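# Summary of the model geometry
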Amino acid sequence: MNIFQYDYYTNLADSKTYKEVTIKAARGEIRDRYGRLIAGNTNSFVVEVSSDQLTASGNDANGIALKIMNKLIENNEDYEDNFPIIIDKNGNYSYTYDQNVSEYKEKNNIPANLNAKETFYYLVDSLIDDGTLKKSDRDLKPAELQKKLNSKGYYPPILVSNFTFTEIKDKNDWLESFVKKTSSGEKIEVKKTDSAKVAFEKIRKYYEIDESLSDQDARKILVVRNLIKSQGYKTYYPVTLASNVSEETISFVEENAANMSGISISSEPIRYYPNGSLASHVLGYVGKIPSQKLDEYLNNKEKEYQSDDIIGLTGIEATQEDNLKGIDGYKKVKVNATGKITDELEVKEPVSGDTVYLTLDMDLQKVAEEGLEKTIKVANNGGTFKSDYGDVSVSGGAVNAKTGAVIAVDIKTGEVLASASYPDYDPNLFVTGISSKDYDKLQPKNPNDTLAASPLLNLVTQGVFQPGSTFKMVTGMAALENGLDPNYTIADTGVIKLEGQTFGDAVWNKGGGNHGAVNLYKAIQESCNIYFGIVGTGTNFLNESHSPGIKMNSKKILEYAKLFGLNENTGLEDEITEVAGKVPSEEDKINSTKISLRSYLNLNILDSFTDIDENDDEEMDKRIDEIVSWVDEYPCPGRGEVMNRLADLKVKEDRIEDLADSILFTYLKFARWTTSDNLNLSIGQGENAYTPSQIVRYVMAIANGGYLTDLTLTKKVVNNDYETTFESKIVSEKIDFKDDDNLKDLIKGMKLVTTEGTAAKYFANFPVAVVAKSGTAERNDKIPTSNEYNYLMKHLSSYGVNKDEVLKVYNQLRKDREAELTKNRIKEINEELKKDDLDDETRAELEKELKDGVDEKLANTDKINAAYLRRAIKKVKPSITDEKIDAYKETYGDFGWAVAFAPADDPEIAVAAVIPQGTTSTYAFLPIKDIIGYYVSGSPEDESDSTNNNSKDQNSNSDDNSEDTGSDNKLNFQVQIKK
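Along the backbone of the protein there are 36 helices and 31 strands. Considered along the principal axes of its C-alpha atoms, the protein spans approximately 110 × 90 × 50 Å. When burial is assessed residue by residue, the protein has 50% of its 979 residues classed as buried. Long-range pairs, those at least 24 residues apart, make up 71% of the contacts in the protein between residues at least 6 apart in sequence. For the protein, the exposed surface amounts to about 45,600 Å²; the carbon and sulfur share of it is 46%.

With that settled, the discussion passes to helix α15 (residues 362–381). For α15, which comprises 20 residues, the first-to-last C-alpha distance of 29 Å matches the rise-based estimate of 28 Å (1.5 Å per residue) to within 8%. Burial within α15 is extensive, with 14 of its 20 residues counted as buried. A side-chain oxygen of the first residue of α15 lies 3.0 Å from the backbone nitrogen of aspartate 363; this N-cap is aspartate 361. Looking one or two residues beyond α15, the residue adopting positive phi is glycine 382, at roughly 75 degrees.

Here we take up the packing of helix α25 (residues 639–648) against helix α26 (residues 653–667). Their axes nearest at 9 Å, the elements α25 and α26 cross at an angle of 125 degrees. On the basis of their axis angle, the class for α25 and α26 is oblique. Considering only the axes of α25 and α26, their crossing is right-handed. Residues Arg639, Val642, Met643, Leu646 and Ala647 of α25 form the contact with α26, whose participating residues are Ile656, Glu657, Leu659, Ala660, Asp661, Ile663, Leu664 and Phe665.

Locating valine 899 in the fold gives a position in strand β30 (residues 895–902). Placed 504 residues apart in sequence, valine 899 and serine 395 show a C-alpha to C-alpha distance of 21 Å.

Here the focus is a negative patch on the surface. Taken together, Asp613, Asp616, Asp617, Glu618 and Asp621 make up a surface patch of like negative charges. In this structure, aspartate 621 sits in helix α24 (residues 617–628). According to the relative accessible area criterion, aspartate 621 is partly exposed, its value standing at 43%.

In this section: the packing of aromatic side chains. Under the definition given, this model contains 28 aromatic pairs. Between phenylalanine 471 and tyrosine 690 the ring centres are 6.2 Å apart and the planes differ by 10 degrees, which places this aromatic pair in the stacked class. Placement of phenylalanine 471 in the loop between α17 (459–462) and α18 (472–481) and of tyrosine 690 in the loop between α27 (675–682) and α28 (692–703) is noted, with a sequence separation of 219 residues between them. For the pair phenylalanine 471 and tyrosine 690, one class covers both residues: buried. Between phenylalanine 763 and phenylalanine 925, the aromatic rings sit 6.1 Å apart at their centres with planes inclined by 85 degrees, giving edge-to-face as the arrangement. Here phenylalanine 763 is found in the loop between α29 (742–755) and β29 (771–777), whereas its partner phenylalanine 925 is found in helix α35 (residues 922–937), with 162 residues between them in sequence. Side by side, phenylalanine 763 and phenylalanine 925 carry an identical accessibility label, which is buried. One aromatic cluster is present, built from ring pairs that chain together Phe83, Tyr93, Tyr97, Trp174, Phe178, Phe200, Tyr206 and Tyr207. Seen from the ring of tyrosine 305, lysine 325 lies directly overhead, with NZ or CZ sitting 4.6 Å from the centre. Seen from the ring of phenylalanine 385, lysine 374 lies directly overhead, with NZ or CZ sitting 4.5 Å from the centre.

With that settled, the discussion passes to the sheet that holds strand β19 (residues 404–410). Think of a sheet as strands paired side by side through backbone hydrogen bonds, with each pair either parallel or antiparallel. Ordered by their spatial adjacency, five strands build an open sheet running β20-β19-β31-β30-β29, and the pairing between neighbours is antiparallel. Where the open sheet ends on each side, the last strands, each with one partner, are β20 (416–422) and β29. Averaged over all pairs of adjacent strands, the angle between their axes in this sheet comes to 5 degrees, without regard to strand direction. For β30 and strand β31 (residues 909–915), the ladder comprises seven bridges, and the chain directions are antiparallel. Across the sheet, alanine 900 pairs through a bridge with valine 911, a residue of β31. Against the sheet, α29 engages β29 and β30, with an angle of about 80 degrees to β29.

Further remarks concern the packing of helix α8 (residues 196–206) against helix α32 (residues 840–852). One can describe the packing of α8 onto α32 by two numbers: an axis separation of 9 Å at closest approach and a directional angle of 145 degrees. For the pair α8 and α32, the sense of crossing is right-handed. Along its contact with α8, which presents Lys197, Val198 and Lys202, the element α32 presents Glu841, Thr842 and Glu845. Across the contact of α8 with α32, the residue classes tally to one nonpolar, one polar and four charged.

The next point concerns the nonpolar core. If you look at the biggest cluster of nonpolar residues, it comprises 135 residues, and the most contacted ones within it are Tyr531, Phe564, Ile702, Phe901 and Ile932. Of the residues forming this core, the biggest block, ten residues, is contributed by α35. The residues touching isoleucine 702, leaving out its near neighbours within four places in the chain, are Met473, Phe564, Leu743, Leu746, Ile747, Met750 and Phe901. In terms of nonpolar packing, the next biggest core, distinct from the first, is built from 45 residues, Ile64, Leu175, Ala196 and Leu222 among them.

What follows concerns the confidence of the model for the protein. Interpretation of the predicted coordinates at a detailed level should be avoided for regions scoring low in pLDDT. Summarising the model, the protein shows a mean pLDDT of 88, and 92% of its residues fall at 70 or more. This stretch, residues 943–979, has a pLDDT under 50; its non-local contacts, to residues over four places away or in other chains, come to 62 contacts.

Locating aspartate 449 in the fold gives a position in the loop between α16 (436–441) and α17. Of note is the side chain of aspartate 449, whose polar atom sits 2.9 Å from the backbone nitrogen of leucine 451.

Further remarks concern the pairing of strand β23 (residues 501–504). Pairing analysis gives four bridges linking strand β22 (residues 495–498) to β23, with the strands arranged antiparallel. Pairing of leucine 498 across the sheet is with glutamine 501, part of β23. Two successive antiparallel strands, β22 and β23, enclose a turn made up of two residues, where glutamate 499 displays a positive phi of approximately 50 degrees.

Let us look at unusual backbone geometry. In this structure, proline 423 follows tyrosine 422 across a cis peptide bond, with omega equal to 0 degrees. Its location among the elements puts proline 423 in the loop between β20 and α16. Here tyrosine 634 and proline 635 are connected by a cis peptide whose omega angle stands at 0 degrees. If you trace the backbone, proline 635 turns up in the loop between α24 and α25. Here lysine 650, not a glycine, exhibits a phi torsion of approximately 70 degrees, which is positive. Within the secondary structure, lysine 650 sits in the loop between α25 and α26. The backbone of asparagine 765 sits at a positive phi, close to 55 degrees, despite the residue not being glycine.

How each quantity is defined
- Residues numbered from 1 in each chain as written.
- Predicted model: local features only at pLDDT ≥ 70, side-chain atom pairs only at ≥ 80, totals over all residues.
- Heavy atoms only, no water.
- Helix = DSSP H or I, 4+ residues; strand = E, 2+ residues; numbered from the N terminus.
- Buried < 20%, exposed > 50% of the residue type's maximum accessible area, 1.4 Å probe, protein only.
- Contact = heavy atoms within 4.5 Å.
- Areas by Shrake-Rupley, 256 points an atom, 1.4 Å probe, with all protein chains shown as cover.
- Expected span 1.5 Å × (residues − 1).
- Polar contact = N/O pair within 3.5 Å; in protein donor to acceptor, adjacent residues only side chain to side chain.
- Axes fitted to C-alpha atoms, helices over the stretch in contact; angles between N-to-C directions.
- Parallel < 35°, antiparallel > 145°, perpendicular 65-115°, else oblique.
- Left-handed = near helix turned anticlockwise from the far one by under 90°.
- Patch = residues over 30% accessible without salt bridge, like charges linked within 9 Å, V, L, I, M, F, W, Y side chains within 5 Å.
- Salt bridge = Lys/Arg side-chain N within 4 Å of Asp/Glu carboxyl O.
- Lys, Arg positive; Asp, Glu negative; His and termini not counted.
- Charge placed at Lys NZ, Arg CZ, Asp CG, Glu CD.
- Phe/Tyr/Trp six-rings, centres within 6.5 Å; stacked < 30°, edge-to-face > 60°.
- Lys NZ or Arg CZ within 6 Å of the ring centre and 35° of its normal.
- Pairing = 2+ DSSP bridges.
- Nonpolar A, V, L, I, M, F, W, Y, C, P; charged D, E, K, R; others polar.
- Core = buried A, V, L, I, M, F, W, Y, C linked by side-chain atoms within 4.5 Å.
- pLDDT = per-residue confidence, 0-100.

In structure tokens, the structure reads:
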């Protein structure tokens, strides 16, 4: 044998005795601006499966798979379960692919019965309605329209080339990959039309799983077999089945190595965050490659990925994936008959990923996060805000303040020094796969409340809030640029009354007070709404003969909002998720009114026609569309005209008057900007809404003399050869102001805020002069309850309706809808049965479903139940309004904002903070106080250092020829060494 076909048999023998074992590369580290570790790696023991050994001739692959799975389950290990057929406790089979499509629709409020094409255009139409897209965009080719959606931050999981959900394509590809002849000669072929149960039975046969095993045990085997299959042609690579396993599991695998060929224990690096939740929203988290992106990663030409690799999913971990991903090594080993390694022949060491240095200062980040947490506690309960830079006593009372955000930036460079969002989370939970229990803890407690605390949400870049008085410098700059004399003075009475509405100062709203004689500087200092309303409209409503003598309106104010960058991203969009606010427009208000009117009609007009019932969806939509189209008319139709039009649409006579008044006086008359809108926009209310990152960038531009500078979180990237492969550059553009000196007038007023105004008590005896502005954005809408159905049931008697009568109507409404769904399902089944390529088993199942009787039911969710109960209440009592129904809910608290920069005469750091439902700007100043105090002084224990830490210009470690990159190169040298 050694002579005959020597090369052939030698190679064959070698392939059975010599194996290549992957050595996982460590993920690149993430460090702060001074090199301190924020994200690193630690070793973990994992259970690996080697396909070629597990399925080698003579091995009982299925028996081994079941054995190891049972042990993992027994030891409560977390294991990879990517097998996409689920068997629930009632024995029902379903595809995870279908569940994912349903979850996407539910999350985005898309009707469950829409196909991929209908879903795509439903989303498009929704974005046209809210002003994100233009009507003309609908006529674009699907591929071009998809690109436009992506550019707006929307990624519908749909292939527009043939309008298929990507999940369904993945499902079909997966199903059709199971084709073979078994050892008995039977041909197995799974079809995309197969039901989940039929597919499961076929795949059992495909892998020749013992028929005596239950489907639950068979599924355990399929978890392992499918994990291997996902490797594709790279069967020689071991795949991770379970990570971070216990000593009991390690011992079991080692002790059973002889009879569990293909199962082994390996050590590999896993992500580790030594500071827990510190900077979690910036860092993001890691996890397994999502199934929909698996092909993209496995086919990556530059970086080689395996199906069980860990990748960055959010934050810096995701955007720096190309740099953080290392290069796996390998070792070629010799193994014995049991698969045990007997000799190492060759080793190629792995190359760890690059090190990413952030702009964050870890110490300042801690100060920011601790400051936010302390702030929320005192806002809720009152007491003393303990600070190294002066304690502050506060009254509390903001019981609904559960969240907050603060961002601090280097004014000269745009580098983010600290970015904190409260509450936060520990990214360590995600490194080996987060449990459903832990994931549920990170979800909002009240899913109906958009302002409920959500630990995974980064409010710094994703929280869009009305800015309140922090916006007044925009109005002030627009007025100055259009000729306002900053010494122009009004005699403030505290309130303007127009058309039956009042527009008041905060002091008037609270107790009927006023600010007296007010010029621009005092208006900023005391945050006088009346002054900014007057200069923002160019009209002195208190004394028209003493108007400011300038031409001003909302359009001019909002032009300056755009100049200050409030209509765009901040530069962070490529580093972490950013959902920027948008400068409002009259067109936006019209679109918003249409959405609100449509929502109102869907709840109030469905049973109001004489010739159609509410189940005639097509005709109902036509009539609602007709009423909504009246919003576009200018001037809007009068009351009589609206009543006549409703009569022409066959609205019941006893409903016409109430509906006409609601449609006209709540929607049509206020679709366009009114004087009230202009007043509200001038003080940062109305439809103004921006993120803290946008606000701090705008404040930077005031501080730095009119330069709009992009924010950045990544300072540099260094590879394993200590070469800097990337270094951030300052991206700054001079704003085209008419006169930059106008900014000085804004700063003059902002200085008064901290010396004589609303922030004076926070910065008394402070180590540096601070420039600031407070802001409180009012909220008057109601907080949804966590269970809307229970809320409605609890208050039925207060609505003046009979419980039994309401429930009778409620049940009938549901019954009618379920009958419609049943009818649609029967039609769908009959359409399926007409298909020639339908396999016999699926056909039999569908025929059985028809024979047994189709009976579709509405989902038993709070959202659906509450919607039908609300409709029933209105049907029983048509005159009742949503305001009356929601009257017993809590009202949202006002948003507390604050912005500041320091030192006043040579600014280095700018900070913006928001406490949603904080009721007052008082609380927003508290974390700012700590951040600026630490930035300029360091912590009290630093004061004993031999050098003066208060002077950031001493002992700079940069040479004379180095470019000034901001405050970090001005820090005292001994402080840098200490850090």
